[in-house]
Amino acid sequence: IELITNPSAKYNPEGMSGIINIVLHKSAADGFNASVNTGLTIGIKPKVNNSMNMNYRRGWVNFFATYGNNFGKFYNTGQIDRPLEEIYQQMDIVNDDNSHLFKVGMDFYLDDRSTISVYTNQNYASGDGEIDLVNTGPFPELNLRQFSHYGSYVQNGAYNMAFKHKGKTEGETLDFELNYNYFKEHQLATFSNRYTDPTIEDDGYSDRLADRRKNTTINLDYVRPVGEKSTLELGAETRIIRSDNQYATNNENADDASYQYDLDIYAAYATFGGKYDKWSYQLGARFENYKVRATLDGESAYTDDYFTVYPSASLVYSPTEKNQFQLSYSRRVDRPSLEQTKPVREFATPLVTSIGNPELDPQFTNSMEFNYTRMLEKGSVTAGVFVRNIQQEISRLIFPDPENPEFGQILTFENYKDNTAWGF
């Protein structure tokens, strides 16, 4: 089990999450294996999850399959208090969700050093969300009880093909992977209002959303030892993402919308590492060309095209077999998600409407870490400190709703100049 808290340039630079690399030892024995797992989570209502895993190996081929499901109701509450304006909002939320996951694949062992693997994942999920909202305020149109229902159906899947080859030189490997993902979601949301003032009519409405996404990723990684104590790693990656979002409503205060967000990323990396006495090091850089195009109702909403270098460095000192000190640096990026960029409502209440910002730029982080590891008789303990400089940080922003400036607000995302985070 390998813990990587500050990944090198070899790994995708997106996000600040670390990597847990678990290397599994595959059994070479022929035969059939299966396992069944079930879990129960008790909250206000019980939630159930189940899974079944099977594999059958015969000679040069291994078949495997998985089925899993999740069922349960999730209860949440929320509130908005604006005491100076005497405006209050209380929400009770119930989500009834269920999903089914299927995975089928096989490994072909071409010889002792080469393997081809293929598999597909298919996931089907549906959900019913109900929100009971009570709103009070100084204006008659604010004193109401709103009932809203969000019904959604989601289908997503993946098709994967991977080739792995071990070279004649110890430690030399070549990996190629092709992955295609698709995502489809349909949602119908209905809103009905009951006002305290009987002279105000229900201004209920309904929204329909359709979301489609396609993601194609191609990876090539090559590792070659250089001499007895050095290693060279080279690789390239291509990611092509296409998304299409349609929004239709009969709300007289909103318009239908058609939004497309396309993203192309082309990357290559190189790292070199070695050992000398009690010291070891690794230097690397990842080069990426990033292109994004967004259109709203057929008109250009945002475009960007830039080239970025993500360097990384690591220095390790091991004075004894039981003590290790590590100093590392890497440059990371957090790119805005589709939900953060699409200018279509995520949710709506009488006080707040949440929408995305298509002009969001990625945020970049320079991360520095210092770690100490102490090896024990049956394990190890690691402690460390870090400091991170975050540029163009993506965060929440709230401002008056131009369609409802008296008491409505828009909740969205914005780039801030910079920020510094540190911790241990």
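Quick caveat: nothing in here was measured; it's all calculated off a predicted structure.

1. So, the overall build of the protein
So, step 1. Per the secondary structure count, the protein includes one helix and 22 strands.
So, step 2. Considered along the principal axes of its C-alpha atoms, the protein spans approximately 85 × 50 × 50 Å.
So, step 3. Here the protein, with 424 residues, has 36% of them falling under the buried criterion.
So, step 4. When contacts within the protein are restricted to residue pairs at least 6 apart in sequence, those whose partners lie at least 24 apart make up 60%.
So, step 5. Counting only carbon and sulfur atoms, one obtains 56% of the accessible surface of the protein, whose full area is about 24600 Å².
So, step 6. Positive and negative side-chain charges in the protein, numbering 40 and 57 respectively, have mean positions lying 12 Å apart.

2. Focus on the pairing of strand S18 (residues 363–376)
So, step 1. Summarising the sheet, strand S15 (residues 323–334) and S18 pair through 12 bridges and their orientation is antiparallel. Bridge assignment links Asp334 to a residue of S18, and that residue is Gln363.
So, step 2. Inspection of the sheet shows S18 paired to strand S19 (residues 379–391) by 13 bridges, in the antiparallel sense. Paired with Asn366 across the strands is Asn389, a residue of S19.
So, step 3. Hairpin geometry of S18 and S19 is characterised by an intervening segment of two residues between the two adjacent antiparallel strands.

3. Focus on the layout of surface pockets
So, step 1. Estimated volume of the second largest pocket: approximately 1100 Å³.
So, step 2. Forming the walls of the second largest pocket are 39 residues, and the residues nearest its centre are Asn251, Asn253, Ala254, Thr353 and Asp401.
So, step 3. Elements represented by at least two residues in the lining of the second largest pocket include exactly strand S8 (144–166), strand S9 (173–195), strand S10 (205–226), strand S17 (352–354) and strand S21 (409–415).
So, step 4. Here the lining of the second largest pocket is composed, by residue class, of 18 nonpolar, 11 polar and 10 charged.

4. Thoughts on empty space enclosed by the protein
So, step 1. Within the structure shown, the criterion is met by one cavity of 30 Å³ or more.
So, step 2. Taken as a whole, the largest cavity spans an internal volume of roughly 50 Å³.
So, step 3. Pro7, Ser8, Ala9, Tyr11, Pro13, Arg286, Tyr310, Pro311, Ser312, Ser330, Arg331 and Arg332 together form the lining of the largest cavity.
So, step 4. For the lining of the largest cavity, the secondary structure elements donating two or more residues are strand S14 (299–320) and S15.
So, step 5. Of the residues contributing to the lining of the largest cavity, the split by class is six nonpolar, three polar and three charged.

5. Looking at the side chain of Glu288
So, step 1. With respect to the secondary-structure elements, Glu288 resides in strand S13 (residues 279–296).
So, step 2. The class for Glu288 is buried, based on a relative accessible area of 1%.
So, step 3. One polar contact links Glu288 to Arg335, side chain to side chain, over a distance of 2.3 Å.
So, step 4. When residues no more than four places from it in sequence are discounted, the contact partners of Glu288 are Pro13, Arg239, Ile265, Tyr266, Ala267, Tyr306, Phe307, Thr308, Tyr310 and Arg335.

6. Observations regarding the nonpolar core
So, step 1. Core analysis: the largest hydrophobic core is formed by 13 residues, its most contacted members being Tyr259, Tyr261, Leu263, Tyr290, Val292, Ala294 and Phe364.
So, step 2. For this core, the secondary structure elements donating two or more residues are strand S12 (257–276), S13 and S14.
So, step 3. Among the elements that line this core, the one with the most residues is S12, at four residues.
So, step 4. Residue contacts for Tyr290: discarding those within four places in its chain leaves Tyr261, Leu263, Asp264, Ile265, Asp304, Asp305, Tyr306, Arg335 and Pro362.
So, step 5. In this structure, Tyr150, Ala189, Tyr205 and Ala348 belong to the second largest nonpolar core, which totals 11 residues.

7. A closer look at a negative patch on the surface
So, step 1. A cluster of acidic side chains, namely Asp255, Asp256, Asp297, Glu299 and Glu403, defines a negative patch on the protein surface.
So, step 2. Here Asp297 lies in the loop between S13 and S14.

8. Regarding the packing of aromatic side chains
So, step 1. Per the stated rule, a full pass over the model turns up 15 aromatic pairs.
So, step 2. Look at Phe325 and Tyr372: their rings are 4.9 Å apart centre to centre, the planes differ by 40°, and that puts the pair in the tilted class. Taken together, the residues span a long stretch of sequence, with Phe325 in strand S15 and Tyr372 in strand S18 at a distance of 47 residues.
So, step 3. Cluster of aromatic residues (ring-pair linked, three or more members): Tyr290, Tyr306, Tyr310 and Phe364.
So, step 4. Against the face of Tyr119 rests Lys103, its NZ or CZ located 4.5 Å from the ring centre.
So, step 5. It is Arg388 that lies over the ring of Phe386; its NZ or CZ is 3.9 Å from the centre.

9. Quick word on the pairing of S12
So, step 1. Among the 20 residues that make up S12, 14 are buried, leaving the element largely enclosed by the rest of the structure.
So, step 2. Pairing between strand S11 (residues 230–249) and S12: 18 bridges, direction antiparallel. Bridged to Ile241 within S12 is Leu263.
So, step 3. Here S12 runs beside S13; their pairing, made up of 18 bridges, is antiparallel. Pairing of Tyr276 across the sheet is with Trp279, part of S13.
So, step 4. Between the end of S12 and the start of S13, which pair antiparallel, lie two residues, with Asp277 showing a positive phi angle near 55°.

Rules used in this analysis
Residues numbered from 1 in each chain as written. Predicted model: local features only at pLDDT ≥ 70, side-chain atom pairs only at ≥ 80, totals over all residues. Heavy atoms only, no water. Helix = DSSP H or I, 4+ residues; strand = E, 2+ residues; numbered from the N terminus. Buried < 20%, exposed > 50% of the residue type's maximum accessible area, 1.4 Å probe, protein only. Contact = heavy atoms within 4.5 Å. Areas by Shrake-Rupley, 256 points an atom, 1.4 Å probe, with all protein chains shown as cover. Lys, Arg positive; Asp, Glu negative; His and termini not counted. Charge placed at Lys NZ, Arg CZ, Asp CG, Glu CD. Pairing = 2+ DSSP bridges. 1 Å grid on protein atoms, 1.4 Å probe; cavity = no way out; pocket = protein on both sides within 12 Å on 5 of 7 lines; lining within 4 Å. Points joined across faces, edges and corners; volume = space filled by probe spheres on them. Nonpolar A, V, L, I, M, F, W, Y, C, P; charged D, E, K, R; others polar. Polar contact = N/O pair within 3.5 Å; in protein donor to acceptor, adjacent residues only side chain to side chain. Core = buried A, V, L, I, M, F, W, Y, C linked by side-chain atoms within 4.5 Å. Patch = residues over 30% accessible without salt bridge, like charges linked within 9 Å, V, L, I, M, F, W, Y side chains within 5 Å. Salt bridge = Lys/Arg side-chain N within 4 Å of Asp/Glu carboxyl O. Phe/Tyr/Trp six-rings, centres within 6.5 Å; stacked < 30°, edge-to-face > 60°. Lys NZ or Arg CZ within 6 Å of the ring centre and 35° of its normal.

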